[in-house]
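Observations on the three-dimensional arrangement
Listed below, chain by chain, are the residues.
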Amino acid sequence: QAGARLGQDVSYRLLSYRGDDGLARAGVCVADRVYDAAALAGRPQYGSVLGVLDDWPRAAATLAEFAGSPRGDARALAATTLLAPVLYPGAIYCAGANYTDHMEEMSAVMGLPRERDPHEAGLKPWHFLKTSRGSVVGPGVDVRMPAYGKLLDWEIELAAVIGRPCRDVPTERAHEYVAGYTIAND
């Protein structure tokens, strides 16, 4: 569930849920109550989290204001079917070789010599992409191992949800583009 940027009070959580019609909807969770984002903002494009993110600077202000005095129809969070927070994002960038202990574990499993830590070696970080259609599922969904698989390797990850287009952003300003954070199981 994406929320306000780290360092700010998070008074709401942005999420995707299954609506009464069975379709995915963007929701705003305040104090364990889920409100439909499009209805509360009066903006049909906020029917999906991607629609909210497409208008993030305005949406962030609207949602924060709403969270200060929530009103209107809501459903209990416990009675809501949650989906992946951001359904089918345009791109999923993953940081490779981010954890030394995982690199060591994988080297041992594959019978390879321990590689140098890329950070200690002064190497630039490397990334890889994942497709969203084949990679994004909601909480509690079973993920099946392929028939050819023998072992699944899982990793808990911190996922940053980018809230507005950016390119070549200096490290010290990167947080300005983050709409929120969620967890991921890679």
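Everything discussed here concerns the structure shown above.
Residues numbered from 1 in each chain as written. Predicted model: local features only at pLDDT ≥ 70, side-chain atom pairs only at ≥ 80, totals over all residues. Heavy atoms only, no water.

**Some details on the pairing of strand 2 (residues 13–18)**
- Sheet analysis places strand 2 next to strand 3 (residues 24–30), joined by six bridges and oriented antiparallel. Residue Y17 lies in a different strand from strand 3, and its bridge partner there is R25. (Pairing = 2+ DSSP bridges. Helix = DSSP H or I, 4+ residues; strand = E, 2+ residues; numbered from the N terminus.)

**Side note on the pattern of salt bridges**
- In the structure shown here, the tally under the stated rule is five salt bridges.
- Note that R13 and D32 form a salt bridge whose closest N and O atoms lie 3.8 Å from each other. Of the two residues, R13 sits in strand 2 while D32 sits in the loop between strand 3 and strand 4 (33–36), which places them 19 residues apart along the sequence.
- Classification of R13 by relative accessible area gives partly exposed; the value is 29%. (Salt bridge = Lys/Arg side-chain N within 4 Å of Asp/Glu carboxyl O. Buried < 20%, exposed > 50% of the residue type's maximum accessible area, 1.4 Å probe, protein only.)

**Considering a nonpolar patch on the surface**
- A contiguous nonpolar patch, built from V109, M110, L112 and L151 and spanning about 440 Å² of accessible area, is present on the exposed surface.
- You can see L151 is positioned in the loop between helix 5 (132–135) and strand 8 (156–162).
- For L151, a relative accessible area of 68% puts it in the exposed group. (Patch = residues over 30% accessible without salt bridge, like charges linked within 9 Å, V, L, I, M, F, W, Y side chains within 5 Å. Areas by Shrake-Rupley, 256 points an atom, 1.4 Å probe, with all protein chains shown as cover.)

**A word on helix 4 (residues 100–109)**
- Taken as a whole, helix 4 has its buried residues at H102, M103 and S107. All buried residues of helix 4 project into a common sector of 135° when viewed along the axis, lining one side. Exposed side of helix 4, more than 90 degrees from the buried face: D101, A108 and V109 are the residues found there.
- Backbone geometry just after helix 4 places G111 at a positive phi near 70°. (Arc of directions from axis to C-beta.)

**Digging into the environment of D36**
- Within the secondary structure, D36 is located in strand 4.
- Once the C-alpha coordinates of D36 and A26 are considered, the two residues, ten residues apart in sequence, prove to be 6.2 Å apart.
- When residues no more than four places from it in sequence are discounted, the contact partners of D36 are Y17, R25 and A26.
- Within the structure, the side chain of D36 is placed 2.8 Å from the side chain of R25, a separation counted as a polar contact. (Contact = heavy atoms within 4.5 Å. Polar contact = N/O pair within 3.5 Å; in protein donor to acceptor, adjacent residues only side chain to side chain.)

**With respect to the nonpolar core**
- Membership of the largest hydrophobic core comes to 20 residues, with the highest contact counts inside it found for V28, V52 and W56.
- Top element by residues in this core is helix 3 (residues 56–68). It accounts for five residues.
- Each residue touching W56, except ones within four places of it in the same chain, is listed here: Y12, L14, L63, G163 and A179.
- Listed in part, the five residues of the second largest apolar core include L15, C29, V34 and L77. (Core = buried A, V, L, I, M, F, W, Y, C linked by side-chain atoms within 4.5 Å.)

**Concerning the packing of aromatic side chains**
- Applying the stated criterion across every chain, the model contains one aromatic pair.
- The cationic tip of R164 hangs over the ring face of Y177; the distance from NZ or CZ to the ring centre is 4.1 Å. (Phe/Tyr/Trp six-rings, centres within 6.5 Å; stacked < 30°, edge-to-face > 60°. Lys NZ or Arg CZ within 6 Å of the ring centre and 35° of its normal.)

**Topic: helix 3**
- Its 13 residues place the ends of helix 3 18 Å apart at the C-alpha level, agreeing with the 18 Å of an ideal helix rising 1.5 Å per residue.
- Every buried residue belonging to helix 3 is among W56, A59, L63, F66 and A67, and all of these are buried. End-on view of helix 3: buried residues confined to an arc of 100°, all on one side of the axis. Residues of helix 3 that are exposed and point over 90 degrees away from its buried face: P57, E65 and G68.
- Residues of helix 3 that are buried in the fold lie against strand 2, strand 3, strand 4, helix 1 (37–41), helix 2 (49–54) and strand 9 (178–185). (Expected span 1.5 Å × (residues − 1).)

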